[in-house]
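# Observations on the three-dimensional arrangement
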Amino acid sequence: YSSAASDVYKRQMTKPFNLEELLLRVSKLIQKHNQQTVNTPQLENYQFEGHSVDFNASEVKLASGQTITLTKRELLLLKLLIEHKNTVVTREKILQLVWGYQVFPTTRTIDNFILNFRKYFELDPKHPKHFISMRGVGYKFQD
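Here's what I pulled together on the structure shown here. (Residues numbered from 1 in each chain as written. Predicted model: local features only at pLDDT ≥ 70, side-chain atom pairs only at ≥ 80, totals over all residues. Heavy atoms only, no water.)

Turning our attention to the nonpolar core. A general trend in soluble globular proteins is that nonpolar side chains are found buried together. Judged by nonpolar contacts, the single largest core of 28 residues is most densely connected at Leu-78, Leu-81, Ile-94 and Phe-131. Sorting the residues of this core by element identifies strand S1 (45–48), helix H3 (72–83), helix H4 (91–99), helix H5 (107–121) and strand S7 (138–141) as the ones contributing at least two each. Considering every element that reaches this core, the biggest residue donor is H3, with six residues. Residues in contact with Ile-94, not counting those within four places in the same chain, are Leu-77, Leu-80, Val-89, Trp-99, Ile-110 and Tyr-139. (Core = buried A, V, L, I, M, F, W, Y, C linked by side-chain atoms within 4.5 Å. Buried < 20%, exposed > 50% of the residue type's maximum accessible area, 1.4 Å probe, protein only. Helix = DSSP H or I, 4+ residues; strand = E, 2+ residues; numbered from the N terminus. Contact = heavy atoms within 4.5 Å.)

Dropping the structure here:
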């Protein structure tokens, strides 16, 4: 969701509500989503520090030459972080876009995925330079 679309989504309607207003709000959300989808180029491959990510094949060729297969959630999270490179992605946004509204894993779940990324991609996982924790907020990817 774009920030404008999520702002519309967050506003509550008081009961009783006007059906025309509800339909207008839903229509605006759909329109914003479609605009975002059209304007966002699909990321298929990404390279950083000798690592090569192929999102279509769900594979990563590491700088060491080893090839690993990522899970669907790992791919979604990695893609989200790369698409928002150098920007903090909040835990809420990660939960919303990677896990969806119906599933609410613990924040440790996200932490464990990031730990895996650090094991795969960082030269020194204890001192990461690509997958940065922003304490109490979320995560940031830097290449």
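After that view of the structure, there is still more to cover.
A few words now on the pairing of S1. Here S1 shows a buried face lined by Tyr-46 and Phe-48 and an unburied face lined by Asn-45 and Gln-47. With four bridges connecting them, S1 and strand S2 (residues 51–54) associate as antiparallel partners. Across the sheet, Phe-48 pairs through a bridge with His-51, a residue of S2. Hairpin connection between S1 and S2: a loop of two residues separates the two successive antiparallel strands, and Glu-49 in this loop has a positive phi of roughly 45°. (Pairing = 2+ DSSP bridges.)

Moving on: the sheet that holds strand S6 (residues 131–134). Ordered by their spatial adjacency, three strands build an open sheet running S5-S7-S6, and the pairing between neighbours is antiparallel. Every other strand in the sheet has two partners, leaving strand S5 (89–90) and S6 as the edge strands with one partner each. Two strands pair when backbone bridges link them, and S6 and S7 are joined in this way by four bridges, in the antiparallel orientation. Bridged to Ser-133 within S7 is Tyr-139. This element, H3, spans S5, S6 and S7 of the sheet and lies at about 70° to S7. (Axes fitted to C-alpha atoms, helices over the stretch in contact; angles between N-to-C directions.)

Next up on the list: the packing of aromatic side chains. In this structure the tally under the stated criterion is ten aromatic pairs. Residues Phe-48 and Phe-121 carry aromatic rings whose centres are separated by 5.3 Å and whose planes lie at 45° to one another, so their mutual orientation is tilted. Residue Phe-48 is located in strand S1, and its partner Phe-121 is located in helix H5; the two are separated by 73 residues in the primary sequence. Accessibility assignment for this pair places Phe-48 and Phe-121 in one class, buried. (Phe/Tyr/Trp six-rings, centres within 6.5 Å; stacked < 30°, edge-to-face > 60°.)

In short, geometric facts, not functional conclusions.
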